[in-house]
Amino acid sequence: MTESTLDFLAAQLADSETAWSIGSFGAIAEFMRDADEPVKVGSDKKAISALTTKGGLRIAAQPQLRPFASESLTTQSWSQRIALCLPEEIAVMHQRTELAELGPDEESLRDEDRGAILFDIGLGTMQVDACVRTGDPEVIAALRRHTGKSVFATDSGAMGVILHANPHRVFMSRLGRVEVFQPIPPPGGKSPDGPHTHVLPKLLAHHRTHAATEPVPSGWIPCAHLYPQHPARDGLGRSRPFQVNSHAKFQNLLMRYGDPDSVALKRRVIYLVVAGHGPVGAAIADDRLSRTSVRIALRQLRETETSSGALAAWLAAYERSDLAQSDLAENVDPMEAAH
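Residues numbered from 1 in each chain as written. Predicted model: local features only at pLDDT ≥ 70, side-chain atom pairs only at ≥ 80, totals over all residues. Heavy atoms only, no water.

On to the overall build of the protein. Within the protein one finds 10 helices and 14 strands. Its C-alpha atoms give the protein a radius of gyration of 21 Å, near enough to 20 Å, the size a compact globule of 339 residues would have. The principal-axis extents of the C-alpha atoms in the protein amount to approximately 70 × 45 × 35 Å. When each of the 339 residues of the protein is scored for burial, the buried share is 53%. (Helix = DSSP H or I, 4+ residues; strand = E, 2+ residues; numbered from the N terminus. Rg over C-alpha atoms; globule rule 2.2 N^0.38 Å. Buried < 20%, exposed > 50% of the residue type's maximum accessible area, 1.4 Å probe, protein only.)

Right, dumping it as structure tokens:
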């Protein structure tokens, strides 16, 4: 990680509109905060951190960290994120598949949590250890009775203990950790605003490190994500008036950290549409990645170039229902999958 990369991450952490996560496909811990929420932000050459009364985040400096920016299609819009990646051989965590006691949490974000006991809940995920933490002797004793078993086993009561006791959740990767202090919602309940976690067994069963259509470079594993302000949605995913400035900022990040071929294709499509050229004869490759780049460009143009006569022809060609179903197959954003 260069100093400029750490400075970039520190600037993102200072922005209350940016959300963060550490997790895998089907198990994720999210950190976000309100603009007026008290927060303690730290930054030095070793790490950046943020801490509120609801949770916290630490991202450590890693020499081989590679930010990778990308966008994906959603049903009606698009999602965007920056994956903080490490080479696969560095990214691997412990991949425990049974509940295991790890001892006191010496790396906790708050001093008062350093004596509390960590338990890895054993999800078997490649790049994240999903843990709970408690200092309650009764809860510790109850969890110890279930160590050595999968928390999903029919004869394990560990998940019931966790849901009843609401211990802190601590998700750790080689890049850092997210800690969540807020209660776990009841089955069918709504996650609280601010930091929270999701564990979704059906998605975990796919044994993926990230969504199938998140274009992470081969050999690299996302060990954390950051989600800059979306131009068309607020932090809760609700539609809002298009934010031109935030859109421009993320497009600049795509040019800096994204896939050059996808960026070039989007820019070419934007040029053709604005210049009044239709899709016929545009000579665009007919593969999923190319179609996805084109459709994202068109959806963004729909927000910014509503007077373009050519846009309707492009949308008719690329938003056909048969293409839409093909391009959205298995297209699950890491954060959206959890909601």
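Another point: the sheet that holds strand 7 (residues 78–87). Spatial ordering of the open sheet is given by 6-7-14-1-2-13, a layout of six strands whose pairing is antiparallel. Both edges of this open sheet fall to strand 6 (66–73) and strand 13 (196–199), since each of them pairs with a single strand only. Strand-to-strand twist across the sheet, computed as the mean angle between neighbouring axes with direction ignored, equals 25°. With eight bridges connecting them, strand 6 and strand 7 associate as antiparallel partners. Note on strand 7: the bridge partner recorded for Arg66 is Cys85. (Pairing = 2+ DSSP bridges. Axes fitted to C-alpha atoms, helices over the stretch in contact; angles between N-to-C directions.)

Another point: the pairing of strand 9 (residues 117–120). Going residue by residue along strand 9, you find Ile117 and Phe119 tucked away on one face and Leu118 and Asp120 tucked away on the opposite face as well. Where strand 8 (residues 100–104) lies against strand 9, four bridges are found, and the strand directions are antiparallel. If you follow Ala100 over to strand 9, its bridge partner there is Asp120. For strand 9 and strand 10 (residues 129–134), the ladder comprises four bridges, and the chain directions are antiparallel. Its bridge partner lying in strand 10, Leu118 is registered against Arg133.

All told, the structure shown has 18 salt bridges when counted by the stated rule. With a closest N to O distance of 3.2 Å, Arg133 and Asp113 form a salt bridge. On the criterion of sequence distance, the pair formed by Arg133 in strand 10 and Asp113 in the loop between strand 8 and strand 9 is long-range, its members being 20 residues apart. The exposure class of Arg133 is buried, given its relative accessible area of 2%. In this structure, a network of salt bridges that share partners links the residues Asp105, Arg110, Glu112, Asp113, Arg133, Arg177 and Glu179. (Salt bridge = Lys/Arg side-chain N within 4 Å of Asp/Glu carboxyl O.)

Of all hydrophobic cores here, the largest spans 51 residues; its most connected members are Trp20, Leu84 and Leu143. Ranked by the residues each element gives to this core, the list is headed by helix 1 (residues 3–14), at five residues. Grouped together as the second largest cluster of nonpolar side chains are 15 residues, Ala282, Ile284, Trp314 and Leu315 included. (Core = buried A, V, L, I, M, F, W, Y, C linked by side-chain atoms within 4.5 Å.)

Here we come to unusual backbone geometry. At Gln95, a residue that is not glycine, the phi angle is positive and equals roughly 55°. Within the secondary structure, Gln95 is located in the loop between helix 2 (88–91) and strand 8. Given the relative accessible area of 39%, Gln95 is considered partly exposed. Residues other than glycine seldom take positive phi values, yet Asn166 does so here, at roughly 55°. Mapped onto the fold, Asn166 is located in the loop between helix 4 (158–165) and strand 11 (168–173). When its relative accessible area of 27% is taken as the criterion, Asn166 is described as partly exposed.

What follows is about the packing of aromatic side chains. Within the structure shown, the criterion is met by three aromatic pairs. An angle of 15° between the planes, with centres 5.9 Å apart, marks the rings of Trp314 and Tyr318 as stacked. With Trp314 and Tyr318 both in helix 9 (residues 309–318) and four residues apart, the pair spans about one turn of that helix. Since its relative accessible area comes to 0%, Trp314 is described here as buried. Residue Tyr318 is classed as buried on the basis of its relative accessible area of 13%. Stacked on the ring of Phe181, the Lys or Arg Arg110 has its end atom at 3.9 Å from the ring centre. The ring of Phe25 is capped by Arg208, whose NZ or CZ atom sits 5.2 Å from the centre of that ring. (Phe/Tyr/Trp six-rings, centres within 6.5 Å; stacked < 30°, edge-to-face > 60°. Lys NZ or Arg CZ within 6 Å of the ring centre and 35° of its normal.)

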